[in-house]
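The lines below spell out each chain.
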Amino acid sequence: MMSRTLFLIAAVMCSCAHAFAPSASNIQSSSTALSMGLFDSFTKAFTNEEYGPPPDAVKATARHILVPTLEDANEVLGKVAGGETSFAGLASQYSTCPSKSRGGSLGSFSPGTMVKEFDEVVFAPDTKVGEIMGPVQTQFGYHLIVVDKRTGGGDWY
């Protein structure tokens, strides 16, 4: 008896199902997909889409000439200004730093890698790429610095 009652209820429900099903005349076309599933909020929490990609790390590529005295620095600066030879040539000739074998190139580095006075010049917003800066005094002597490239740091370069 119980199974017969359940069968009748199922049959009635199936016969009435067409009343609740949408017909072709009242279906509206929509190009947006529903995306609010059970786990969508969890996925969104880990994608971080609204913030965009992380910024590039701040780095600089620079060359320098290190000399022991201010007089030496001014002499080398005069030779650079006179156009007698290239910065790399003067670095090879006058610098006391081991980088002189690479024309004074220090490669690429992040803030905090070099001594404070050096970093302040290399990463200063008003230091222009390609210009000779200095003499800059540090514990090692006097530097003439050329920033070749900077990356990261937003708009201030």
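Structure: see above.
Residues numbered from 1 in each chain as written. Predicted model: local features only at pLDDT ≥ 70, side-chain atom pairs only at ≥ 80, totals over all residues. Heavy atoms only, no water.

We now examine the packing of aromatic side chains. Centre-to-centre distance and the angle between the planes together describe a pair of aromatic rings. In the structure shown here, the tally under the stated rule is two aromatic pairs. Here Phe109 and Phe118 contribute two aromatic rings whose centre-to-centre distance is 6.4 Å and whose plane-to-plane angle is 50 degrees, an arrangement assigned as tilted. On the accessibility criterion, Phe118 (2% relative accessible area) is buried. Measuring from centroid to centroid gives 6.0 Å for Phe109 and Phe123, while their planes differ by 90 degrees, and the two rings are edge-to-face. Taken together, the residues span a long stretch of sequence, with Phe109 in strand E2 (residues 105–109) and Phe123 in the loop between helix H5 (116–122) and strand E3 (132–138) at a distance of 14 residues. For the pair shown, Phe109 and Phe123 are each scored as buried. Ring pairing ties together the aromatic residues Phe109, Phe118 and Phe123, which thus form one cluster. (Phe/Tyr/Trp six-rings, centres within 6.5 Å; stacked < 30°, edge-to-face > 60°. Buried < 20%, exposed > 50% of the residue type's maximum accessible area, 1.4 Å probe, protein only. Helix = DSSP H or I, 4+ residues; strand = E, 2+ residues; numbered from the N terminus.)

Attention now moves to the environment of Tyr142. Mapped onto the fold, Tyr142 is located in strand E4 (residues 141–151). Here Tyr142 falls in the buried class, since its relative accessible area comes to 16%. In this structure, the C-alpha to C-alpha distance between Tyr142 and Leu70, residues 72 residues apart in sequence, is 6.3 Å. Those residues in contact with Tyr142 that lie beyond four places of it in its chain are Ile65, Leu66, Val67, Pro68, Thr69, Leu70, Ala73, Pro135, Val136 and Gln137. (Contact = heavy atoms within 4.5 Å.)

On to the pairing of strand E1 (residues 59–67), then. Note that E1 and E4 share nine bridges and pair antiparallel. Paired with Thr61 across the two strands is Lys149, which belongs to E4. Sheet topology note: the E1/E2 ladder contains four bridges and is antiparallel. If you follow Ala60 over to E2, its bridge partner there is Phe109. (Pairing = 2+ DSSP bridges.)

Turning to the sheet that holds E1, a few remarks are in order. Strands sit in the order E2-E1-E4-E3 across an open sheet of four strands; the sheet is antiparallel. Since the sheet does not close on itself, it has two edges, and those belong to E2 and E3, each with one partner. The mean angle between the axes of side-by-side strands here comes to 30 degrees, regardless of whether they run parallel or antiparallel. Contacting E1, E3 and E4, helix H3 (residues 70–82) runs over the sheet at an angle of about 170 degrees to E3. Contacting E1, E3 and E4, helix H4 (residues 87–94) crosses the sheet at an angle of about 50 degrees to E1. (Axes fitted to C-alpha atoms, helices over the stretch in contact; angles between N-to-C directions.)

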